Amino acid sequence: MHIHILGICGTFMGGLALIAKAAGHRVSGCDRNVYPPMSTELAAAGIEIMEGFDAAQLDLKPDLIVVGNVMKRGMPVIERMLNEKWPYTSGPQWLYEHYLKDKEVLAVAGTHGKTTTTAMLTWILECAGKHPGFLIGGVPENFQQGARATDSPYFVIEADEYDCAFFDKRSKFVHYHPSVAILNNLEYDHADIFDDIEAIKKQFHHLVRTIPGRGSVVVPYDDANLADVLSRGLWSHKVVIGNAEGFDAQDMAADGSSFTLCQHGSALGKVTLPCCGMHNVKNALAAIAAASCIGIDPLQAAQALATFKLPKRRLELVAAHADSAIYDDFAHHPTAIATTLQGLRAKVGPKAHIIAVFEPRSNSMKMGANAQLLPKAFGAADEVVVYQGPAVHFDVAAALQGCPQPFQVFTDFDHMLQSLSAKLQPHTVILCMSNGSFNGLPRKLAQMLPQA
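Quick notes on the rules
Residues numbered from 1 in each chain as written. Predicted model: local features only at pLDDT ≥ 70, side-chain atom pairs only at ≥ 80, totals over all residues. Heavy atoms only, no water. UniProt positions renumbered as here; feature names shortened; annotations may be inferred. Helix = DSSP H or I, 4+ residues; strand = E, 2+ residues; numbered from the N terminus. Rg over C-alpha atoms; globule rule 2.2 N^0.38 Å. Buried < 20%, exposed > 50% of the residue type's maximum accessible area, 1.4 Å probe, protein only. Contact = heavy atoms within 4.5 Å. Phe/Tyr/Trp six-rings, centres within 6.5 Å; stacked < 30°, edge-to-face > 60°. Lys NZ or Arg CZ within 6 Å of the ring centre and 35° of its normal. Arc of directions from axis to C-beta. Core = buried A, V, L, I, M, F, W, Y, C linked by side-chain atoms within 4.5 Å. Pairing = 2+ DSSP bridges. Axes fitted to C-alpha atoms, helices over the stretch in contact; angles between N-to-C directions. Salt bridge = Lys/Arg side-chain N within 4 Å of Asp/Glu carboxyl O.

Per its UniProt entry, the protein bears the Function (unreviewed entry) comment "Reutilizes the intact tripeptide L-alanyl-gamma-D-glutamyl-meso-diaminopimelate by linking it to UDP-N-acetylmuramate." Quoted verbatim from the Cofactor (unreviewed entry) field of UniProt, the annotation for the protein is "Mg(2+)".

A. Summary view of the overall build of the protein. Looking only at helices and strands, the protein has 15 helices and 23 strands in total. For a compact globule of 452 residues, the expected C-alpha radius of gyration is about 22 Å, and the protein comes in at 22 Å, within 12% of that figure. In terms of overall dimensions, the protein has C-alpha extents of about 65 × 55 × 45 Å along its principal axes. Expressed as a percentage of the 452 residues in the protein, the buried residues total 59%. The contacts in the protein between residues at least 6 apart in sequence include a share of 63% that link residues at least 24 apart.

B. Expanded view of the packing of aromatic side chains. Taken as a whole and assessed by the stated rule, the structure comprises 10 aromatic pairs. Between Y387 and F438 the ring centres are 6.4 Å apart and the planes differ by 25°, which places this aromatic pair in the stacked class. Taken together, the positions of Y387 in strand 21 (residues 383-387) and F438 in the loop between strand 23 (428-433) and helix 15 (441-448) put the pair 51 residues apart, joining distant regions of the chain. Using a relative accessible area of 2% as the deciding quantity, one classes F438 as buried. Note on F413 and F438: the rings are 6.5 Å apart at their centroids and 55° apart in plane angle, and the pair reads as tilted. Highlighted residues: F413 in helix 14 (residues 413-421) and F438 in the loop between strand 23 and helix 15, separated in sequence by 25 residues. Pair check on accessibility: F413 and F438 agree, each one buried. Among the aromatic residues, those joined into a ring-pair cluster are Y88, F166 and F167. Between the NZ or CZ atom of K172 and the centre of the ring of F12, over which it lies, the distance is 4.7 Å.

C. Summary view of helix 15. Among all positions in helix 15, only L441, P442, L445 and A446 are buried. End-on, the buried residues of helix 15 take up no more than an arc of 135°, which puts them together on one face. Buried residues along helix 15 sit against strand 18 (316-321), strand 19 (324-329), strand 20 (353-358), helix 14 and strand 23.

D. Quick look at the UniProt feature "binding site: ATP" (unreviewed entry) in the protein. Under the local residue numbering, the UniProt record ascribes the feature "binding site: ATP" (unreviewed entry) to G110, T111, H112, G113, K114, T115 and T116. With respect to the element layout, G113 can be found in the loop between strand 6 (104-109) and helix 5 (114-127). The residues touching G113, leaving out its near neighbours within four places in the chain, are N184 and N283. Sequence-distant contacts of T116, that is, excluding residues within four places in its chain, are made with N280, N283, F308, L310, P311 and R314.

E. Expanded view of the nonpolar core. Counting residues in hydrophobic clusters, the biggest one holds 46 residues, and the most contacted among them are I5, L95, I157, L183 and F204. Those residues in contact with L183 that sit more than four places away from it in its chain are A109, F204, L207, V208, V217, V218, V219, P220, L226 and L230. Within the second largest apolar cluster, 42 residues are counted, among which are I124, A249, L273 and I294.

F. Layout of the sheet that holds strand 22 (residues 407-410). Within the open sheet, the six strands sit side by side as 18-19-23-20-21-22. Their pairing is mixed. In the strand order of this sheet, the two ends are held by strand 18 and strand 22, each with one partner. Shown here is a sheet whose adjacent strand axes are inclined to one another by a mean of 15°, direction ignored. Sitting on the sheet, helix 10 (residues 334-348) is in contact with strand 19, strand 20 and strand 23, with an inclination near 155° to strand 23.

G. Fine view of the pattern of salt bridges. Considering all chains together, one arrives at 18 salt bridges under this definition. A salt bridge links R232 to E198; the shortest N-O distance between them is 2.9 Å. Taken together, the residues span a long stretch of sequence, with R232 in the loop between helix 7 (224-231) and strand 14 (237-241) and E198 in helix 6 (residues 197-210) at a distance of 34 residues. Residue classification places R232 among the partly exposed positions, given a relative accessible area of 34%. A salt bridge links E383 to K423; the shortest N-O distance between them is 2.5 Å. Note that E383 is positioned in strand 21 and K423 in the loop between helix 14 and strand 23, a separation of 40 residues in sequence. Among the charged side chains, a network of salt bridges with common partners joins E198, K201, D228 and R232.

Now the structure itself:
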């Protein structure tokens, strides 16, 4: 079958393309922004990519068009597709009908930590000899690729709550039908498609409704929003993390890099993580718990995490000299900002001067959703710098009033870069946070860091 993918260069659609290619299909696609690393990864797999959304690309006469959620009515290729009655589907629907329906799916959902937890769970299964297929919304360092198709009965997927396509406004994860689902946490996000937290809860319960009775839901004991979701009906096994009812962490190191793993109040053994932060302890507990649902010994899972590597742009050290450093992180929601900074503080200690540099770039943040949470989010930093790009539709400086740290807001990127370069002093740690490229800021700062 010849599959043509519209919007092929996103992490999900690009991963889907690689899976389809590995399954023996001819795959082509298009996107507005065609650039590395996804473009080179797809090209290396023999996938033809076109730039733009012109109608002429359908002269390829594909058997099926897979439509990404970046596509909108009015785009020439979409209008031709509809006018000429070409067969089409969404990415999540194709993935289930042509691939996932024959797999035992382990899905990781939640507002925060999906990519890291999915990578952790995949690595645990890999170390246990399961050789799972996977689709992760990032680049897991243990695999150096975001998607893989295998003949294993197991498939691990990052289960995004974003919508599927212009004709299917359900969350992507509704299509995956997992036998094991991790629900990491639930907060308000994606203000461009969800009116309020209740709308997101409804989608999460749609996911819960698809999990079979023999399946399992892994959930933290203390998330009120998730408790509300499960109160609407749960027909699967519930596995709790974070207290003595299920899997818990005790005797934790100050930076969260090690802890004693407990199950039902009994100590099982020591867990050592090559990463820091309480959020990663929770991610690890969720991954261990999910792996136990398919028969992997929790201690064996814990041992696998000792060799786990964080995905790219998850508190990634870009450059360091003496006691100064530049870090890059994907954090884009106030809660993620706060937990990332807390983890960094625990890692570098109280004497380091942390400068938090943030770009409001997600659709939600550009709209000002959750802006009232920003002042407290930077609590573990010593200084705050925010880049207010032209697409940001709220007054960032006004929103930051009440921030306990001194802050600066820049509307000119070059001026911000110049200002930050002057701050590259001894004992200074700069953390760059954005869910985009941030105009290459971390690498540019790294080039300015003294090397001698």
